[in-house]
Amino acid sequence: MIEIEMKLKKYLIGLPPIVINEDETMEDSIEVLDARNDVNYGYIEVTDDKELTNINIDFDKLVENNDVELENLEELEMDEILHITESFVKDFGREVIQFSNFSEIGEGEYLVVYEAIDKKLKLPLPNSGAVIEINSYGTITAATIFQEYYQLTYPKVEVTEDEAREILCKETLVELGIEENEEQGEFELVYQPIRDYIGVTVDGEVQKASQLFSESQLEQFAVTPVQVTKALPKLLGATDQYVLREEEGNLYWYVAEELDEKGEDAEAVIEVLHFDDAGANYESNVEWDTEAKIELPFEQLKDNAMQFLEIIAGDIHHKYMLEEQSVLNDDTEEFDDDSDDDLFNVDEYDEDEHEDEHEDEPTTMFTFIPFFQGYKLDKYSVLIEVGIHTGIIRSCLYSALNMEAIRGVNTTPMITLEEADTIYKQSLQMKLSRFEEIDEDDEMTIYSLNYSINAPSENGVIDKINATTGEVTYAGSDIVRG
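Here is what the cut-offs are and how they apply
Residues numbered from 1 in each chain as written. Predicted model: local features only at pLDDT ≥ 70, side-chain atom pairs only at ≥ 80, totals over all residues. Heavy atoms only, no water. Salt bridge = Lys/Arg side-chain N within 4 Å of Asp/Glu carboxyl O. Helix = DSSP H or I, 4+ residues; strand = E, 2+ residues; numbered from the N terminus. Buried < 20%, exposed > 50% of the residue type's maximum accessible area, 1.4 Å probe, protein only. Phe/Tyr/Trp six-rings, centres within 6.5 Å; stacked < 30°, edge-to-face > 60°. Lys NZ or Arg CZ within 6 Å of the ring centre and 35° of its normal. pLDDT = per-residue confidence, 0-100. Contact = heavy atoms within 4.5 Å. Arc of directions from axis to C-beta. Pairing = 2+ DSSP bridges. Axes fitted to C-alpha atoms, helices over the stretch in contact; angles between N-to-C directions. Expected span 1.5 Å × (residues − 1). Core = buried A, V, L, I, M, F, W, Y, C linked by side-chain atoms within 4.5 Å. Patch = residues over 30% accessible without salt bridge, like charges linked within 9 Å, V, L, I, M, F, W, Y side chains within 5 Å. Areas by Shrake-Rupley, 256 points an atom, 1.4 Å probe, with all protein chains shown as cover. Lys, Arg positive; Asp, Glu negative; His and termini not counted. Charge placed at Lys NZ, Arg CZ, Asp CG, Glu CD.

### What about the pattern of salt bridges?
Pairs may arise between side chains of opposite charge once their charged atoms sit close together. For the structure on display, the rule yields 11 salt bridges. The salt bridge partner of D91 is K10, with a shortest N-O separation of 2.8 Å. In this pair, D91 sits in helix α3 (residues 78-92) while K10 sits in the loop between α1 (2-8) and β1 (18-21), placing the two residues 81 residues apart along the sequence. Overall, K10 belongs to the partly exposed group, its relative accessible area being 46%. D421 is the partner of K425 in a salt bridge, and the nearest nitrogen-oxygen pair spans 2.7 Å. One end of the pair, K425, and the other, D421, are both in helix α12 (residues 417-426), 4 residues apart, so they sit about a helical turn from each other. Here the two residues K425 and D421 agree in accessibility, since each one is buried. When salt bridges with common partners are traced through the structure, they connect E179, E188, K379 and K464 into a single cluster.

### Notes on the packing of aromatic side chains
If you walk through the whole model with that rule in mind, you get 10 aromatic pairs. Relative to F92, the ring of F88 has its centre 4.9 Å away and its plane inclined at 50 degrees; by these criteria the two rings are tilted. Here the residue F88 and the residue F92 both occupy positions in helix α3, the gap between them amounting to 4 residues, near one helical turn. Here the two residues F88 and F92 agree in accessibility, since each one is buried. Summarising the aromatic geometry, the rings of Y150 and Y447 are spaced 5.6 Å apart at their centres and angled 85 degrees between planes, so their arrangement reads as edge-to-face. Separated by 297 residues along the polypeptide, Y150 in strand β9 (residues 150-152) and Y447 in strand β25 (residues 445-454) bring together distant segments of the chain. Ring-pair connections join several aromatic residues into one group, and the members of that group are Y11, F88 and F92. Directly above the aromatic system of F92 lies the positively charged group of K7, at a separation of 5.9 Å from the ring centroid.

### What about the confidence of the model for the protein?
Model confidence for the protein is summarised by a mean pLDDT of 85, while 87% of its residues fall at 70 or above. A low-confidence stretch, residues 327-358 stays under pLDDT 50, and its non-local contacts, those more than four residues away or across chains, total 54 contacts.

### Focus: helix α4 (residues 161-168)
For α4, every residue scored as buried is listed here: A164, I167 and L168. For α4, the angular spread of the buried residues around the axis is 95 degrees, confining them to a single face. Across from the buried face of α4, at angles greater than 90 degrees, the exposed residues are D162 and E166. On its buried face, α4 is in contact with β12 (197-201), β13 (206-208), β24 (429-436) and β25.

### Observations concerning the sheet that holds β1
Two strands in a sheet stick together by hydrogen bonds in their backbones, pointing the same way (parallel) or opposite ways (antiparallel). One open sheet accounts for 8 strands, arranged β1-β2-β3-β4-β8-β7-β6-β5; its pairing is antiparallel. Here the strands that pair on one side only, and so sit at the sheet edges, are β1 and β5 (98-106). The mean inter-strand angle of the sheet, taken between neighbouring strand axes irrespective of direction, is 25 degrees. For strand β2 (residues 30-34) and strand β3 (residues 40-46), the ladder comprises 4 bridges, and the chain directions are antiparallel. Bridging from a neighbouring strand, E31 pairs with Y43 of β3. In this fold α3 packs onto β4 (52-57), β5, β6 (109-118), β7 (123-135) and β8 (140-145), with an angle of close to 120 degrees to the strand it touches most, β7.

### Points about the environment of Y150
On the basis of relative accessible area, Y150 is assigned to the partly exposed category, the value being 24%. Remark: the alpha-carbon pair of Y150 and T445, spanning 295 residues in sequence, is separated by 4.6 Å. Beyond its immediate sequence surroundings of up to four residues, Y150 is in contact with R94, E95, A116, L125, M444, T445 and Y447.

### As for helix α8 (residues 298-313)
For α8, spanning 16 residues, the distance from its first C-alpha to its last is 22 Å, which sits close to the expected 22 Å at 1.5 Å a residue. Of all 16 residues that make up α8, 12 are buried, and the element is covered over most of its length. Remark: G314 follows α8 within two positions and exhibits a positive phi of approximately 75 degrees.

### Things to note about the nonpolar core
If you look at the biggest cluster of nonpolar residues, it comprises 72 residues, and the most contacted ones within it are Y282, F308, L309, F368 and I384. Per element, the largest residue contribution to this core is 8 residues, and it comes from α8. Counting 39 residues, the second largest nonpolar core, distinct from the first, contains I4, L8, I55 and I145.

### What to know about a negative patch on the surface
Together, E75, E104, E107, E109 and E133 make up a region of like negative charge exposed at the surface. Tracing the sequence through the fold places E133 in strand β7. Look at E133 and you get partly exposed, because its relative accessible area is 33%.

### Re the pairing of β25
Of all 10 residues in β25, 7 are buried; the element is thus mostly enclosed. With 3 bridges connecting them, β12 and β25 associate as antiparallel partners. The residue bridging G199 from the neighbouring strand is S452, located in β25. Here β24 pairs with β25 via 8 bridges, running antiparallel. Across the sheet, the residue bridging to S433 is N450, located in β25.

### A few points about the pairing of strand β20 (residues 363-372)
For β20, a buried count of 9 out of 10 residues is recorded, marking the element as mostly surrounded by other parts of the structure. Examined bridge by bridge, strand β19 (residues 320-323) and β20 share 3 bridges and lie antiparallel to one another. By the bridge assignment, Y320 is partnered in β20 with P370. Relative to strand β22 (residues 382-387), β20 runs antiparallel, the two sharing 6 bridges.

Have a look at this one:
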């Protein structure tokens, strides 16, 4: 760990002396502390061989505790940022990897991707290098370094790129949907690429995500009218022992005793962060009785999720459908939406196996997908995590639907499906690529070959086609053409 400490501090503003604190109660995450005063700057994760796999750093705490005046610092240029990330992957990567992509993800915040290369075919390997978040001051605030071993397969290539394109173009590749035009602030009827299509195998078979990943096509169920009988604080786990504070429109619940003892240093156990007029992030870290291994019935968990969404969204039976569910915790099995059975088989639960673990409450994720006149609005889906022992809403990221704006959409297309499909296919290209095969034993990542949909350098892949005007918008750019 000393080697990681010495290397990591180079990428933290102020170059603070740090110490890696391996706390046995924290199963996965390891604290990064200031060696002078034990201020927690974030967490790292490592493999069994002590190779770094993840870091998460609180930039604000670094600034606060290292006498750094940001206004006196110059923001770095792109080449300087890339120099830092290249140094980082050399320090922590398992093998030689090369730069793949650079994008701005926020004001002064960037995402840099590196990938390993198949040296024989000169093809990049997805999810094989590193994904790094870095800010304009040169501090790496988050990173994932892929340290897994992998195997390359070389199946016989029986079709060319052009033949693969012809094979894929026999399919209808677009479908109607409703999407928000963020620049105009209006919703519009558009033709979108069908995301299920991945590409074509090197022996000439069309590849779909639904064929490779069974969970990618889940059934949706109608939401019945909801009767609200519980208040929002109760659904988040707040009781009389918590104190509510409101700060700048955000809500925080603190343990009263801890607030008295620590004052401003107390940490909120429940947070409701309002990020704009139409959205909020809900998170509850209320403690639960880890000795109580009784699981609540599925219907009770579903009812809590529905009541919660009804409180924050209203009339959800007119707006959303509930997607088929599966339990997130590895110790549980998938279940159907209409199941009334317990989520776990209590007799099969091995308490000895789990008693030493630092336990977050196991949860199930309820996914509510908004629809309007049969059109899915995926970008406004609401994911609600519910604790399976307590029924507490553990997390939810909510973006409100502007139903008035959506109802104003003309759902009669002026451009036919055939016309839109032809427009999409005109710019379609295929490229020989590596993709990850599904390994049932999960012992090693296996990369095979396929022809994937390629983005032409001039425009990029078509993101959507306006169904009224025929305007084309390309993914990853501001290019719009009539």
